[in-house]
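Observations on the three-dimensional arrangement
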Amino acid sequence: MFYFNCLEGFNLLLPDILGRLFTDKTGLQDRLRAEARQNGGPDLNFDAVKQMPNIRSLVWETLRFKPPVPTQYSRARKDFRLSSHDASYEIKKGELLCGYLPLVMRDPVIFNDPDTFQPDRFVGEKGTDLLKYLYWSNGPETADPTATNKQCMGKDYVTLSASMLVAYILRRYDSIKGDGSKITAVEMAK
Ligand code: HEM
């Protein structure tokens, strides 16, 4: 599972992010390129991309829109009550539970216009507040993995590495055309 999610997770996530970036017709590439070149200083590293809120939001929105690992299973360790906005269930110890992230990540009570891809959804104070509902890693984006919560241990590396790749490409090229599977034209930065 460790190897599968690391490799396959990135295998699914990166083409999705790049596809969004390369096929966008709203000027997203130019906006993010300006951010990548103006923010973060000369060296690209995790601290530098933390100063690029729009690039980070693109990565988070891609994870929300299509979580690379959509289904998770677990057995209840104790009896407990599981509640949603409008229902509540008694869960017994030992019962098998399945979480289906694409449903959770399109919850209209939480996410405005959930079926629309909004690359700047997680920007600003309101956007950052939404991160507590972003569950691509088997737990909220705002929580840390522990020995008992089964949350993805690579979660911060995943979003920061993906942001770094996007920033690197945008610093290097003035224009990129293509889709998630191939690049058809590039213009080097002058
Ligand atoms: C896009 C890439 C990735 C995605 C989408 C992803 C997603 C996930 C998900 C959903 C789980 C929970 C699985 C379950 O309980 O059924 C998980 C667990 C885990 N992930 Fe990731 N992951 C990714 C990359 C990584 C990387 C790069 C690492 C390590 C550097 C990593 C390390 C782990 C470990 C160790 C667990 C098991 C945690 C536990 O059971 O206690 N993952 N990942």
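Residues numbered from 1 in each chain as written. Predicted model: local features only at pLDDT ≥ 70, side-chain atom pairs only at ≥ 80, totals over all residues. Heavy atoms only, no water.

1. A closer look at the environment of Thr184
Where we set the bar: Counting from the N terminus, the helices are the DSSP runs of H or I reaching at least four residues and the strands are the DSSP runs of E reaching at least two. Any two residues whose heavy atoms approach within 4.5 Å at even a single point are treated as in contact.
Along the polypeptide, Thr184 turns up in strand β6 (residues 183-188). Along the backbone, Thr184 and Phe22 are 162 residues apart, and their C-alpha atoms lie at a distance of 9.8 Å. Contacts of Thr184, omitting those with residues within four sequence positions, involve Lys177 and Gly178.

2. A word on the UniProt feature "binding site: heme" (unreviewed entry) in the protein chain
Quick note on the threshold: UniProt positions are given in the numbering used here, feature names are shortened, and annotations may be inferred rather than shown by experiment.
The sites that UniProt annotates as "binding site: heme" (unreviewed entry) are Cys152. Considering the arrangement of structural elements, one finds Cys152 in the loop between α6 (124-130) and α7 (155-172). Each residue touching Cys152, except ones within four places of it in the same chain, is listed here: Ser137 and Pro145.

3. Regarding the pairing of strand β5 (residues 173-178)
Cut-off, in case you're wondering: For every residue, the accessible area obtained with a 1.4 Å probe (protein chains only) is divided by the maximum for its type, and the residue is called buried under 20%, exposed over 50%, and partly exposed between those limits. By the convention used here, strands pair only if DSSP detects at least 2 bridges between them.
Among the six residues that make up β5, five are buried, leaving the element largely enclosed by the rest of the structure. Connecting β5 to the next strand, β6, in antiparallel fashion are four residues.

4. Side note on the side chain of Arg56
Put simply, the rule is: Residues scored as positive are Lys and Arg, those scored as negative are Asp and Glu, and His as well as the terminal groups of each chain are ignored. Salt bridges are counted wherever a side-chain nitrogen of Lys or Arg sits within 4 Å of a carboxyl oxygen of Asp or Glu.
Structurally, Arg56 is set in helix α4 (residues 53-65). Of the buried charged residues, Arg56 lacks a salt bridge, with Glu141 as the closest side chain of opposite charge at 5.3 Å. When near neighbours in sequence (up to four residues on either side) are disregarded, Arg56 contacts Val49, Lys50, Thr159, Leu160 and Ser163.

5. Remarks on the pattern of salt bridges
By the definition in use, this model includes 13 salt bridges. Across the salt bridge formed by Glu61 and Arg121, the nearest N and O atoms sit 3.0 Å from each other. Remark: Arg121 occurs in the loop between α5 (101-104) and α6 and Glu61 occurs in helix α4; sequence separation between them is 60 residues. Across the pair, exposure class does not vary: Glu61 and Arg121 are buried alike. Across the pair Asp115 and Arg106 runs a salt bridge, and its minimum N-O distance is 3.0 Å. According to the relative accessible area criterion, Asp115 is exposed, its value standing at 54%. Owing to a relative accessible area of 27%, Arg106 belongs among the partly exposed residues under this scheme. Via salt bridges that share partners, Arg37, Asp174, Glu187 and Lys190 belong to a single interconnected network.

6. What about the layout of surface pockets?
Formally: Using a 1 Å grid laid over the protein atoms alone, points where a 1.4 Å probe fits but cannot get out form a cavity; open sets with protein on both sides within 12 Å along at least 5 of 7 lines form a pocket; any residue with an atom within 4 Å of a point counts as lining. Grid points are joined across faces, edges and corners, and a volume is the space filled by probe spheres set on the points.
Here the largest pocket is characterised by a volume of approximately 1300 Å³. Looking at the largest pocket, it is lined by 33 residues, and the ones nearest its centre are Leu82, Leu97, Gly99, Tyr135 and Asn138. Sorting the residues of the lining of the largest pocket by element identifies β1 (71-75), β2 (80-83), β4 (96-100) and α5 as the ones contributing at least two each.

7. A closer look at unusual backbone geometry
One non-glycine residue, Asp113, adopts positive backbone phi at about 50°. Tracing the backbone through its elements, the reader meets Asp113 in the loop between α5 and α6. Classification of Asp113 by relative accessible area gives partly exposed; the value is 40%. If you check the backbone angles, Lys150 has positive phi at about 55° while not being a glycine. Residue placement: Lys150 occurs in the loop between α6 and α7.

8. A short note on the side chain of Glu141
Following the sequence through the fold, Glu141 ends up in the loop between α6 and α7. Within the buried set, Glu141 has no salt-bridge partner at all; the shortest N-O distance to an opposite charge, 4.4 Å, is to Lys155. The contacts of Glu141, once residues within four sequence positions are left out, are Trp60, Leu131, Leu134, Trp136, Lys155 and Thr159.

9. Describing the environment of Asn149
The cut-off we apply is this: Side-chain atoms alone can form a polar contact between residues adjacent in sequence; in general such a contact is a pair of N or O atoms within 3.5 Å, and within protein one must be able to donate a hydrogen while the other accepts it.
In this fold, Asn149 is placed in the loop between α6 and α7. You can call Asn149 partly exposed: its relative accessible area is 30%. Residues contacting Asn149, with those up to four places away along its chain left out, are Asn138 and Asp144. There is a polar contact of 3.0 Å between the side chain of Asn149 and the backbone oxygen of Asp144. A polar atom in the side chain of Asn149 sits 3.0 Å from the backbone nitrogen of Thr146.

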